[in-house]
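Chain residues, written in single-letter form:
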Amino acid sequence: MTTTKGATGSQGAVADGRALDQACRLVLALLGESGIPTREQLEAKVRQALTMDGYGHLDPALVLRSLESLVTVHVPGHVVIDDRQFSPWIGEVRSQTTFRFWNRYVAWLEGYRMLPRKVVRELDSLTDDILDRLRHPATDGPWDRRGLVVGDVQSGKTSNYTGLVCKAVDAGYKLVIVLAGLHDNLRSQTQVRIDEGFLGFDTRRAHAPTAGGGRFGAGSMADAKVLVAHSLTNSSDKGDFKASVAKQLNVVLGGQDPVILVVKKNVSILTNLLRWVLNHGVEDPEQPGCLIIRGMPVLVIDDEADHASVNTKEFLNPDETIDPEHEPSRINGLIRQLLTAFEQSAYVGYTATPFANVFMHHEAESDVVDPDLGVRIGEDLFPRSFILNMRTPDNHIGPERVFGMVDEGTGDGPMVVTVDDGPDIFPRGHRKDLKVTALPESLEMAMLAWLLVVAARMVRGDKAVHNSMLVHVTRYTEVQRQVADLVQDFVDDVRRQLEYPGTGGDALTRLEQTWNALFVGRDEDLAAILPASVMGPIQALPPLAWPAVRDCLVEAVCKVKVRTINGTAKEALDYVDHKEGLAVIAVGADKLSRGLTLEGLSVAYFLRPARAYDTLLQMGRWFGYRPRYADLCRLFTTRDLVRLYRWIDDATSELRATFDEARDQDATPLEFGHRVLSHPGSLVQITARQKMRAARRLQVGFSAALAETVAFDLCHAEANHATVSDFVAALGQGRTVKTRLVWSGVSGARVEGMLRNFRTARSSWKANAQAMADYVRGRLGAGCLVEWTVVLVTHGDSGVRAMVGPHEITMVARGNKSPEDAGHYSIKVLVDKQDEWLDLDPAQVAAIIEAPPAPDEDRRSDRLRRRRVRALRPRTRGLLVLYPIHAAGRPDCAVPLMGLGVSFPEDPDGGTVAYAANTVMQMVEDWS
C-alpha cells in the first residue's frame, strides 16, 4: 500500500479510483475475444479508451499498469490422477455443439467479474479434464464415477463447479444436484452463485427464466440470451427442496430442459429428495426389492465434501475387515443411496481440506438396503476415479502469504497482528455461561482498523462494495450475543464522536494512531509477500493519506451493521439485497467456518482454538482474493494460533504434494497412498477421529535414510545458492576425488547451521531442511553426527559453468518434470549411487549391494540393501552431497538450483515423526 503524510484531496482520489476501474473494464471490452493480449495490444486499447468522454484525465501509464497486473496473473495449472478407466470425449462434443451456458458464463466472468483471462482459460481446461473423467451422458449401460477436486480455502471452488455445471448441461446432462453445506445461509449463498453464473435469473421470483424481469448475473448482460433451465430450489432462506413444490411445478426430469437443485446436507431434505426421484424408478432385476432410475444420468456436486458427507460410524470388524452389513451415518448413507439409485451417476466432491476424504477406506461398501426407500447403500465416497489438485493463481491470499513472513518471536507479520489480551476475557475452554462485560482492547483496535479500511476503500473509489469484518472468539451463542451487543455499543460510540465532534471521547485520535501503527510504511513488507498481480493494481491507484481517509470516516461508520451469525440468530448476510454495499461486522462461529463467504472481508479477529486441522483451516475466512485492498487486510490472532496455522499449512502442502507425486508416477488413486503429517501435540488432530477409523499411525525418521531434494521452489534459488556458497567457502581447502570436491571432519554444528538457513520446497516432505536440522541438533546432543563428510559435485554433465562459493563448477543436468509450473522445478532422482558410498569402505559396500536377495525378500530388496549399506557408517558421521543443478528452460533462474543429498547412518535412538496413512498407503507402501 502506498501511504503518505501529505494532504491529498479525498474527492479527487475517489474520482480517479472509480474512473480507473471503469477504464479498465472498457479496455477489456474493447479487447473482446482476442485471447491473452500483448503489451502492444493493451497500449493500443488504452489509448483508444482514454479518448472517450470521462477518461481523458487519467494517466495512461496508470491504466496500463493496472491492466498489465490483471492480465499477467500467473496460473500454475492443475494436476490430475485418475484410474485410466475413461476415454476423453468432451473435446469432440464441443466441436459439434455450441456450449451456450458455458459461453455466457465466460462472458460474465471476463466482462463483469473482471477475472483475468488466464484464470478463465485454466478454468476451461480444468472443467474439461473433470468432464473427460466422468462419462458422456449418452453412454449406454450402468456407470458410476467418483472424483474429488481439492483447492485452497476461498480459492474459487464455487466458480469452478458453476463452470462445470454449465458445461455438463451443455454436454447433455439433464439433472444436476448440488449438495451445499448444513445451514440455510450457506445453501442460500450457493444458490445465489448458481443463479448468477448458470441459471441467469433470480430463483426467488421464478423457477425458470422469462423474457421479462428477474434476470440476474450472467443472464442480465445486455446481449445475453435467455437459456432455459429449471430450478426446483430458490435462493431464499426457505428455498430448499420441497416435494410439494416440485410436484406443483410439474417439471419433467430427464426431459428436454435441464433441472438443477441446490440442497442442504440434511437427513429430512435428502430423504424427501430420494423419495421424489425414486418416483421415476423401476424395479432392479439384479437387486430384487430395490428400485433403479434408468435413462437419467445425474451429476452430483458435493460442496465441502469432507463435511457431513463422511461416514463417522464404525464399519470395520475386529480383524479390520469391512462389515458388509454396517449402517453408515445418515447423511453419508443417503448420498451413497442417491448415487446407487441412478443407473448412471457422476459424483464430484469439492473441498479445501481433503483429510477426511483420503482417509475413507477405499474398499468400504455396505449391502444394507433401506427398507423405506428400497435402495442399497452401496460403496463409500472414496475418490477412486480421480483426484484433481487445483492449484491457485498467484493473486490468491492463502496461508503461506498470511503466515509466511511472521516474526518467529512476536508472531507479527505484514498482515498479522498478535493478540495478548483476548484470552484474558475469552479463556480457552470457557463455559457457555461466561459473562462478558468489556471487550479486549485489541478487539477495539481491530474494529478501528476495519473502519479505516472501509474509509480507505471509499477514497479509492470503492463505495458500492461490500465490506466485512469477522469476530470469532467463542462457540457459544449466548457469549456471541453479549459480544455483539458490546460491539454495537462500541460502534455507536465511535459514530457519535465522529458525527458530533466535541461531545467527548478520543475515537478520532485512536483512529489516527491505528492508521499510523498498522497501515503507514508497510509497503516494502507487503511487497515481499504479495505478487505484482496483487500489488500492481493497488500501486496504480492514487496514494492514500490520512486527511483523505479521515474525511470518509463518518460515511464509513454510518454504514456499519452488526450481525450475529449462528444457529439461533435470524439475521443473515444478505449481500445480494444491498446493491449499495453492505458494511457488516459478523460475530459468529461454526456458521462462519464452512463455505460461507464474507464478501469484502478485510479484518478478522480470531481467537478460537480448534482441535482439528480441517476445522481451523475452514475457519480461515480471511483467505481468498482481495482485489485492490489486499494491502489493507489484517488478521488479529494469538501467537499459538499463528504457529499452529503454519504447521497445518505445511501438513496440507505435503498432502497435496502427494497428488503431484502420484501424477509423476502415473499411479491411480487406488495405487498411490496418501499421508498427513501429525501434530506433535496431543490436543490437535488431523480431522475428527470418527473420520479416521481406517487410518494408521506411521513413524518416519532419518535413521538409515537418504534424504534428497527433488522439488525446488524457484523463489528460494538465490537465497539457497548464497547459503551454500557461504558454507563451502568457510570449509577451506578440500581434496579432489575424481569430479568431486570432498571435505572430511566437518562439524555437525556447521552442517546444522547450513540446513537451518536452507529453504526446501514445500512439497519436499522427505527432505525438509528444517526437519533435518532439528534431527541433527537432537543427535548432536547425544554425541552422534558430530562429524560430516561434505561433497560438492564440480563437474556435472550440463556443460554450463557457474560459481559456488570460490569454486567454478559445471552444473548438473536434471530434466524438469513440471515444465508447466513456472514457479517450480522438479526432478526424478538427485543422488548418484556412487556418491552416497564415497566415505564408506568400497569392499563392504560391494559385498552388500552385490549379494543376491534373500528368499523372503520382495520387490523392495534393493531399498533394503541400501539401508544396510548406510548401517556401515558410524553413528557419529553423516554425509552431505551438494548438487548444483542447471535449471534448463528457466531463463529467469540465473543461479544453480542447490540440491541436497543427505545420507544418515543407522541410529535406532534417532526418533521419528508421526504420519497418518490412508488404507491405500497401508496396502502399497513400505514404511520400514
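Data block above holds the structure.
Read on for an overview of the structure. (Residues numbered from 1 in each chain as written. Predicted model: local features only at pLDDT ≥ 70, side-chain atom pairs only at ≥ 80, totals over all residues. Heavy atoms only, no water.)

## Considerations on the overall build of the protein chain
Next, step 1: When helices and strands are counted, the protein chain shows 30 helices and 36 strands.
Next, step 2: Here the C-alpha coordinates of the protein chain stretch approximately 85 × 80 × 65 Å along the principal axes.
Next, step 3: Taken over 928 residues, the protein chain has a buried fraction of 58%.
Next, step 4: Relative to all contacts within the protein chain whose residues are 6 or more apart in sequence, the contacts with residues 24 or more apart total 78%.
Next, step 5: Per element, the accessible surface of the protein chain, about 36500 Å² overall, is 50% carbon and sulfur.
Next, step 6: Placing the 107 positive and 119 negative side-chain charges of the protein chain at their respective mean positions leaves the two points 1 Å apart. (Helix = DSSP H or I, 4+ residues; strand = E, 2+ residues; numbered from the N terminus. Buried < 20%, exposed > 50% of the residue type's maximum accessible area, 1.4 Å probe, protein only. Contact = heavy atoms within 4.5 Å. Areas by Shrake-Rupley, 256 points an atom, 1.4 Å probe, with all protein chains shown as cover. Lys, Arg positive; Asp, Glu negative; His and termini not counted. Charge placed at Lys NZ, Arg CZ, Asp CG, Glu CD.)

## Regarding the sheet that holds strand S3 (residues 143–150)
Next, step 1: Taking strand neighbours across the sheet as the criterion, the 8 strands line up as S2-S13-S3-S10-S9-S4-S6-S5 in an open arrangement whose pairing is mixed. With one partner strand each, in any of the chains shown, strand S2 (78–82) and strand S5 (230–231) form the two edges of the open sheet.
Next, step 2: Relative to strand S13 (residues 386–390), S3 is paired through 4 bridges, and the arrangement is parallel. Each bridged residue has a counterpart across the sheet, and for Val-149 the counterpart in S13 is Leu-388. (Pairing = 2+ DSSP bridges.)

## Topic: the side chain of Asp-82
Next, step 1: Within the secondary structure, Asp-82 is located in strand S2.
Next, step 2: At a separation of 3.0 Å, a polar atom in the side chain of Asp-82 contacts the main-chain amide nitrogen of Arg-84.
Next, step 3: A distance of 2.9 Å separates polar atoms of two side chains, one belonging to Asp-82 and the other to Arg-133.
Next, step 4: Once residues lying within four places of it in the same chain are set aside, the contact partners of Asp-82 are Arg-133, Ser-385, Phe-386, Ala-667, Thr-668 and Pro-669. (Polar contact = N/O pair within 3.5 Å; in protein donor to acceptor, adjacent residues only side chain to side chain.)

## What about unusual backbone geometry?
Next, step 1: Of note in this structure, Met-114 is not a glycine but carries a positive phi near 55°.
Next, step 2: Inspection of the secondary structure assignment puts Met-114 in the loop between helix H5 (100–111) and helix H6 (117–133).
Next, step 3: On the basis of relative accessible area, Met-114 is assigned to the buried category, the value being 15%.

## Considering the pairing of strand S11 (residues 365–370)
Next, step 1: Pairing of S11 with strand S12 (residues 375–379) involves 4 bridges; the strand directions are antiparallel. Residue pairing in the sheet places Val-369 in a bridge with Arg-376 of S12.
Next, step 2: Linkage of S11 to S12, two consecutive antiparallel strands, is achieved through a turn of 4 residues, within which Gly-374 is found at a positive phi near 70°.

## Points about the packing of aromatic side chains
Next, step 1: Summed over the entire model, instances satisfying the criterion amount to 20 aromatic pairs.
Next, step 2: Put simply, the rings of Phe-403, Phe-606, Trp-622, Phe-623 and Tyr-645 pair up and form one aromatic cluster.
Next, step 3: Here Lys-167 stacks its cationic end above the ring of Trp-102, 4.4 Å away from the centre of that ring.
Next, step 4: Between the NZ or CZ atom of Arg-457 and the centre of the ring of Tyr-629, over which it lies, the distance is 3.9 Å. (Phe/Tyr/Trp six-rings, centres within 6.5 Å; stacked < 30°, edge-to-face > 60°. Lys NZ or Arg CZ within 6 Å of the ring centre and 35° of its normal.)

## A short note on the pattern of salt bridges
Next, step 1: This structure, assessed with the given rule, holds 54 salt bridges.
Next, step 2: One salt bridge in this structure joins Arg-84 and Glu-671, with 3.5 Å as the shortest N-O distance. Placement of Arg-84 in the loop between S2 and helix H4 (90–96) and of Glu-671 in the loop between helix H23 (639–664) and strand S23 (675–677) is noted, with a sequence separation of 587 residues between them.
Next, step 3: The partner of Arg-873 in a salt bridge is Asp-839, and the shortest N-O contact between them spans 2.9 Å. Separated by 34 residues along the polypeptide, Arg-873 in the loop between helix H29 (861–870) and strand S34 (877–886) and Asp-839 in the loop between helix H27 (833–836) and helix H28 (842–850) bring together distant segments of the chain.
Next, step 4: Asp-839 gets classed as buried once you look at its relative accessible area, which sits at 16%.
Next, step 5: Residues participating in the shared-partner salt-bridge network are Arg-94, Asp-124, Asp-128 and Lys-167. (Salt bridge = Lys/Arg side-chain N within 4 Å of Asp/Glu carboxyl O.)

## Some thoughts on the nonpolar core
Next, step 1: In this structure, Ile-177, Met-469, Ile-585 and Trp-622 are the most contacted members of the largest nonpolar core, which totals 157 residues.
Next, step 2: Considering each element in turn, this core owes the most residues, 14 residues, to helix H15 (residues 441–459).
Next, step 3: In this view, Met-469 contacts Leu-443, Ala-446, Met-447, Trp-450, Val-584, Ile-585, Ala-586, Leu-601, Val-603 and Tyr-605; residues no more than four positions away in its chain are not counted. (Core = buried A, V, L, I, M, F, W, Y, C linked by side-chain atoms within 4.5 Å.)

## Looking at the sheet that holds strand S22 (residues 634–637)
Next, step 1: Strand order in the open sheet formed by 6 strands is S15-S22-S20-S16-S19-S18, and the pairing between neighbours is parallel. Strands at the two margins of the open sheet, each flanked by one partner only, are strand S15 (416–418) and strand S18 (560–565). Neighbour to neighbour, the strand axes of the sheet diverge by 15° on average, direction disregarded.
Next, step 2: Bridging between strand S16 (residues 467–472) and strand S19 (residues 583–588) involves 5 bridges; their strand directions are parallel. Across the sheet, residue Asn-467 finds its bridge partner in S19, namely Ala-583. (Axes fitted to C-alpha atoms, helices over the stretch in contact; angles between N-to-C directions.)

## Structural notes on the environment of Leu-518
Next, step 1: When you line up the elements, Leu-518 lands in helix H17 (residues 507–518).
Next, step 2: Once the C-alpha coordinates of Leu-518 and Asn-317 are considered, the two residues, 201 residues apart in sequence, prove to be 57 Å apart.
Next, step 3: With residues near it in sequence (within four places) discarded, Leu-518 still touches Val-417, Met-445, Ala-449, Arg-634 and Phe-636.

## As for the packing of H5 against H6
Next, step 1: Where H5 meets H6, the axes come as close as 10 Å, and the angle between the chain directions of the two elements is 155°. By the angle between their directions, the pair H5 and H6 is classed as roughly antiparallel. By crossing handedness, the relation of H5 to H6 is classed as right-handed. Taken together, the residues of H6 that come into contact with H5 (itself represented by Trp-102, Tyr-105, Val-106, Leu-109 and Glu-110) are Arg-117, Val-120, Arg-121, Leu-123, Asp-124 and Thr-127.
Next, step 2: Broken down by class, the residue content of the contact of H5 with H6 amounts to 6 nonpolar, 1 polar and 4 charged. (Parallel < 35°, antiparallel > 145°, perpendicular 65-115°, else oblique. Left-handed = near helix turned anticlockwise from the far one by under 90°. Nonpolar A, V, L, I, M, F, W, Y, C, P; charged D, E, K, R; others polar.)

## Overview of the side chain of Thr-760
Next, step 1: Examined against the element boundaries, Thr-760 turns out to sit in the loop between helix H25 (748–757) and helix H26 (769–780).
Next, step 2: The exposure class of Thr-760 is buried, given its relative accessible area of 12%.
Next, step 3: A polar atom in the side chain of Thr-760 sits 3.1 Å from the backbone nitrogen of Ala-769.
Next, step 4: Beyond its immediate stretch of four places on either side in the chain, Thr-760 contacts Thr-709, His-716, Ala-767, Asn-768 and Ala-769.

## Notes on H26
Owing to its 3.6 residues per turn, the α-helix brings residues three or four apart onto one side.
Next, step 1: Here H26 contains 12 residues, and its C-alpha end-to-end distance of 16 Å stays within 8% of the 16 Å for a straight helix at 1.5 Å per residue.
Next, step 2: Listed as buried for H26 are Ala-769, Met-772, Ala-773, Tyr-775, Val-776 and Arg-779. All buried residues of H26 lie within an arc of 160° about the axis, which places them on one face of the element.
Next, step 3: Turning to H26, the residues buried within the fold contact strand S25 (706–708), H25, strand S29 (787–793) and strand S35 (897–903).
Next, step 4: Backbone nitrogen of Ala-771 and a side-chain oxygen of the N-cap are separated by 2.9 Å at the start of H26; the cap is Asn-768. (Expected span 1.5 Å × (residues − 1). Arc of directions from axis to C-beta.)

## Overview of the environment of Gly-289
Next, step 1: You can see Gly-289 is positioned in the loop between strand S7 (282–283) and strand S8 (291–292).
Next, step 2: Exposure remark for Gly-289: the relative accessible area of 56% places this residue in the exposed category.
Next, step 3: Taking the C-alpha atoms as reference, Gly-289 lies 6.4 Å from Gly-374; in sequence the two are 85 residues apart.
Next, step 4: Not counting residues up to four positions away in its chain, the partners in contact with Gly-289 are Glu-283 and Gly-374.

## Notes on the environment of Arg-689
Next, step 1: Looking at where Arg-689 falls in the secondary structure, it is placed in the loop between S23 and strand S24 (696–700).
Next, step 2: Take Arg-689: its relative accessible area is 56%, and that puts it in the exposed class.
Next, step 3: Each C-alpha atom of the pair Arg-689 and Ile-885 lies 43 Å from the other, and the pair is 196 residues apart in sequence.

## Some points on the state of the cysteines
Next, step 1: For the structure on display, the rule yields 0 disulfides.
Next, step 2: In this structure Cys-893 is a free cysteine whose sulfur lies 11 Å from that of Cys-715, the closest cysteine sulfur available.
Next, step 3: We classify Cys-893 as buried; its relative accessible area is 14%. (Disulfide = S-S within 2.5 Å.)

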